[in-house]
Amino acid sequence: MKISMIAAITNNKVIGIKNNIPWKLKKDMIWFKKKTINKYIIIGRKTSESIKKKLKKRKKIIISKKKKKKIKFKKLFNNLKKKKKKIIIIGGRKIYKKTFKYIKILYLTKININLPGDIFFPNINLKNWKLVYSKYYKPCKINFYSYSFNIYTM
């Protein structure tokens, strides 16, 4: 079972501001749902709190440093893999950074704009990754920015 990660980032790697997403892309929300449905989602506490609606047909595992017990990601992932559970990391920044070494599939929405933000996607080197899918979209009435959906594999 391969562990995957999903993120949407701007040109300047912004993923959030004041615990919110600073853009509206309807197609990205559809993409997100399609890629995360029927999976175990690994999510940070603050990111979980920022999502206002219930993520149906997904089992949330919320990671918080407020809990006394320290999470051992390798052990968590091995336990879920033994149960043949599909796993996807959905953020935030700290969770992305701590789990990146475990993932084999990266779903990355690249939004072609620079936006102000206070939460950034970690610096990652995609040179060792293979781009297996990319689809570009122009701005339109519903989606105000150009963007692309990309899938990388290790």
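Only a predicted model underlies this, so the values are computations on that prediction, with no experimental measurement involved. Sequence order as written defines the numbering, with residues in each chain counted from 1. Since the coordinates come from a predicted model, pLDDT governs what is reported: local features require at least 70, and pairs of side-chain atoms require 80 or more to be given and counted, while whole-chain, interface and lining totals use all residues. Excluding hydrogens and water, the side-chain values take into account all heavy atoms of the structure.

## Here we look at unusual backbone geometry
Most of the time, phi is negative for any residue but glycine, and the peptide bond is trans.
In step 1: With omega at 5°, the peptide bond leading from Gly91 into Gly92 counts as cis.
In step 2: As for its position among the elements, Gly92 is in the loop between β5 (87-91) and α4 (93-99).
In step 3: Even without a glycine there, the phi angle at Asn38 is positive, about 60°.
In step 4: We count a stretch as a helix when DSSP gives it H or I for four or more residues in a row; a strand needs E for two or more, and each element gets its number in order from the N terminus. Take Asn38: it is sitting in the loop between α1 (26-36) and β3 (40-44).
In step 5: Judged by relative accessible area, Asn38 falls into the exposed class, the value being 57%. Any residue under 20% of the maximum accessible area for its type is buried, any over 50% is exposed, and the rest in between are partly exposed; the area is computed with a 1.4 Å probe on protein chains only.

## Focus on the packing of aromatic side chains
In step 1: In summary, the pairing rule links any two rings of Phe, Tyr or Trp, Trp by its six-membered ring, whose centres are within 6.5 Å, and it sorts them by plane angle into stacked for under 30 degrees, edge-to-face for over 60 and tilted for everything else. A complete count under the given rule lists ten aromatic pairs for this structure.
In step 2: Ring geometry for Tyr137 against Phe149: centres 5.5 Å apart, planes inclined by 65°, an arrangement best described as edge-to-face. Here Tyr137 is found in strand β8 (residues 130-137), whereas its partner Phe149 is found in strand β9 (residues 147-153), with twelve residues between them in sequence.
In step 3: Overall, Phe149 belongs to the buried group, its relative accessible area being 4%.
In step 4: Among the aromatic residues, those joined into a cluster by ring pairs are Trp31, Tyr107, Tyr133, Tyr137, Tyr147 and Phe149.
In step 5: As a reminder, the over-ring test applies to NZ of lysine and CZ of arginine, requiring each to be within 6 Å of the ring centre and within 35 degrees of the ring normal. Seen from the ring of Trp31, Lys35 lies directly overhead, with NZ or CZ sitting 4.6 Å from the centre.

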